[in-house]
Each structure stands twice: as C-alpha cells, then as structure tokens.
Amino acid sequence: MGAKTATAAGQDRQVLVITFDVSGSLFGMETSHVQEVVRLATVTPVHHAATCVVGVMNLRGHISTVIDLSARLGLGQVDLSGDKRIIIVEWSGERIGLVVNKMEDVMSVDLESIGPAPENVRSAQSHRMTGVFRSGDRIVAMLDLDKVLTLDSDTEKAASVSS
C-alpha cells in the first residue's frame, strides 16, 4: 500500500487516507495516489468517450482527463454545477481528475481497522473497493484506483452506444 508508518515495535501500521463524498456516500483512497485537489473548473467535453468521462481540463499546462466518479461507481451522473472538487491522481503515467461532491478529511487509519467490503454491497461498487473502515459513525469505502480507472467492456459499450 502507499504511505504507511510503523511504531518502534512494528505493530501499529498506519496509512494516510483522504476521504470524500460521492453522491451521499463516503469514500476514501490513500493519499499516495493524490497529486492535488482543485475546484471544478472549465472542462472540455470529449465526444465518443466513455459515459463516465466528463472531458478534459488544462491545469497549469497539464491536460487531465476528468472522470465522473459517481457515474463510474454506478451512483448516477453528478450535477456539475455548484462547489464540486476534482481530485487529481497520477495513474499509469497520466493525470486523471475525479469529480467528487465534496472533500471530507485526511486521516491516519490503522491498517488493521480496514476490513473487507460486505458481500451484499452492490457489485458496481464492491469490486472497485479494497475494503471499508469506520470513521466516527460513518463507514468509509476504500477505492481500488486501478479498478476504478480501468475501463471495462461494459463501460466501453455504453460509450459506443451513446456516440
């Protein structure tokens, strides 16, 4: 995993996690994947792209693909108005922007507190998770960035049908 720390005894392993709201659900990912978080800016649509691709944006000279994380997780398309945020991640040599409703927190999480996703979680989300943990009275679903950003054949079919 990414940014881990250990105590002198080597027992208490931690990971730094950024948490965010996507369509009313709380998700997280290791901060080691995150380059920066920016306000939603002008996004240029890309025709014939997968349905979860909002478009591209120019961020200080870097062109980034912008993904609707809500649509990608099967939670419906996000309303791009208002005070949304884009989490910029580095993935496979590319800068990718993930649209989220709002940022929640950055926290240190004990690796032993992250358990497997429940079996009854909707499949569109569960196979894109590495696990879940409790934060106060809420449950945080940890995203598997590789599985979130790898477009599958169903997504590609949806893109070709909408073209």
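In this report, the structure presented in the accompanying data block is examined. (Residues numbered from 1 in each chain as written. Predicted model: local features only at pLDDT ≥ 70, side-chain atom pairs only at ≥ 80, totals over all residues. Heavy atoms only, no water.)

1. Remarks on the environment of Ser64
Next, step 1: Mapped onto the secondary structure, Ser64 falls in strand S6 (residues 62-68).
Next, step 2: As a C-alpha pair, Ser64 and Val89 span 25 residues in sequence and 9.4 Å in three-dimensional space. (Helix = DSSP H or I, 4+ residues; strand = E, 2+ residues; numbered from the N terminus.)

2. Some words on the sheet that holds strand S4 (residues 34-39)
Next, step 1: Within the open sheet, the 5 strands sit side by side as S4-S7-S8-S6-S5. Their pairing is mixed. Of all strands in the sheet, those bounded by a partner on one side alone are S4 and strand S5 (53-59). Recorded for the sheet is a direction-independent mean angle of 30° between the axes of neighbouring strands. (Pairing = 2+ DSSP bridges. Axes fitted to C-alpha atoms, helices over the stretch in contact; angles between N-to-C directions.)

3. Topic: the pattern of salt bridges
Next, step 1: With the rule as written, the count across this model stands at 6 salt bridges.
Next, step 2: Close ionic contact of Arg95 with Glu36 constitutes a salt bridge, the shortest N to O distance being 2.9 Å. Of the two residues, Arg95 sits in strand S8 (residues 94-100) while Glu36 sits in strand S4, which places them 59 residues apart along the sequence.
Next, step 3: Connected through shared salt-bridge partners, Glu36, Arg60 and Arg95 make up one network. (Salt bridge = Lys/Arg side-chain N within 4 Å of Asp/Glu carboxyl O.)

4. Some points on the side chain of Asp144
Next, step 1: Locating Asp144 in the fold gives a position in the loop between strand S11 (138-143) and helix H3 (145-149).
Next, step 2: The side chain of Asp144 is buried and forms no salt bridge, while Lys147, the nearest opposite charge, is found at 4.2 Å.
Next, step 3: Reaching out from Asp144, the side chain makes a polar contact with the backbone nitrogen of Asp146 at a distance of 3.1 Å.
Next, step 4: When residues no more than four places from it in sequence are discounted, the contact partners of Asp144 are Arg128, Met129 and Thr130. (Buried < 20%, exposed > 50% of the residue type's maximum accessible area, 1.4 Å probe, protein only. Lys, Arg positive; Asp, Glu negative; His and termini not counted. Polar contact = N/O pair within 3.5 Å; in protein donor to acceptor, adjacent residues only side chain to side chain. Contact = heavy atoms within 4.5 Å.)

5. Some thoughts on unusual backbone geometry
Next, step 1: Residues other than glycine seldom take positive phi values, yet Arg60 does so here, at roughly 50°.
Next, step 2: Summarising the element assignment, Arg60 is placed in the loop between S5 and S6.
Next, step 3: On the accessibility criterion, Arg60 (61% relative accessible area) is exposed.
Next, step 4: In the Ramachandran plot, Ser92 falls in the positive-phi region, its phi being about 50° despite a non-glycine side chain.
Next, step 5: Looking at the secondary structure, you find Ser92 in the loop between strand S7 (85-91) and S8.

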